[in-house]
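Take a look at the letters that make up each chain.
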Amino acid sequence: MSHEQDRLGGGVRRDALKAAVLWGVIATLAFLVLVQAYQLLEFGGLPLGVVVTVALVVFGATTLVTYLLGP
């Protein structure tokens with residue numbers, strides 16, 4: 001199998017998954033920055049369990065949506 005055939009098959013799917021996971025990481029980090037800003041502005045503290053749970057949901061949802069809607 002040539003490199004070109006690999007790019008047309010599994011390589012494209014692997015690239016799409018990698019891009020989706022990276023967008024999930026970016027969205028999760030953005031969420032965590034917003035949580036930190038919320039806490040620094042003294043609007044109140046959020047329990048760590050809630051922050052971790054929502055961060056995991058943000059990661060999973062962003063990764064899934066990006067993968068499904070990607071090229």
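Okay, so let's go over this structure. The residue count restarts for each chain, going from 1 along the sequence in the order it is written. Predicted model: local features are reported for residues with pLDDT of at least 70 only, side-chain atom pairs are reported and counted for 80 or more only, and whole-chain, interface and lining totals are derived from all residues. Hydrogens are left out, water is left out, and the side-chain values use all remaining heavy atoms of the structure.

1. Some details on the packing of helix H2 (residues 10–40) against helix H3 (residues 48–69)
The description of two helices packed together rests on the angle between their axes and the distance between the axes. The cut-off we apply is this: Fitting a line to C-alpha atoms yields each axis, with helices limited to the stretch in contact; the angle taken between N-to-C directions then spans 0 to 180 degrees. Counting from the N terminus, the helices are the DSSP runs of H or I reaching at least four residues and the strands are the DSSP runs of E reaching at least two. Each crossing gets its handedness from the near helix: less than a right angle anticlockwise from the far helix is left-handed, clockwise is right-handed. Residues are sorted three ways: Asp, Glu, Lys and Arg are charged, Ala, Val, Leu, Ile, Met, Phe, Trp, Tyr, Cys and Pro are nonpolar, and all the rest, Gly among them, are polar.
It is the contact of H2 with H3, at a shortest axis distance of 8 Å, that shows an interaxial angle of 145°. Two packed elements cross with a definite hand, and for H2 against H3 that hand is right-handed. The residue inventory of the contact of H2 with H3, partitioned by class, reads 16 nonpolar, 5 polar and 1 charged.

2. As for a nonpolar patch on the surface
Note the following rule: Residues qualify for a patch when their relative accessible area is over 30% and they have no salt bridge, like charges being joined within 9 Å and the nonpolar side chains of Val, Leu, Ile, Met, Phe, Trp and Tyr within 5 Å. Computed with the Shrake-Rupley method and a 1.4 Å probe, the accessible areas treat only the protein chains shown as cover for residues. Every case where a carboxyl oxygen of Asp or Glu lies within 4 Å of a side-chain nitrogen of Lys or Arg is listed as a salt bridge. Burial here depends on accessible area, computed with a 1.4 Å probe over protein chains only, as a share of the maximum for the residue type. Under 20% is buried, over 50% is exposed, and the range in between is partly exposed.
Taken together, the side chains of Leu-17, Val-21, Val-25, Leu-29, Leu-32, Leu-64, Val-65, Tyr-67, Leu-68 and Leu-69 present a nonpolar region at the surface, about 900 Å² in accessible area. Counting residues per element, the ones that place at least two in the nonpolar patch are H2 and H3. Mapped onto the secondary structure, Leu-17 falls in helix H2. We classify Leu-17 as partly exposed; its relative accessible area is 44%.

3. Things to note about H2
Since the α-helix turns once every 3.6 residues, residues separated by three or four places project in the same direction. So the rule is basically this: Given a helix with a known number of residues, its expected span is that number minus one, times 1.5 Å.
Given a rise of 1.5 Å per residue, 31 residues ought to cover 45 Å, and the 45 Å separating the end C-alpha atoms of H2 matches this to within 8%. Within H2, the full set of buried residues consists of Gly-11, Ala-16, Ala-20, Gly-24, Thr-28, Phe-31 and Val-35. Positive phi appears at Glu-42, one or two residues downstream of H2, with a value of about 60°.

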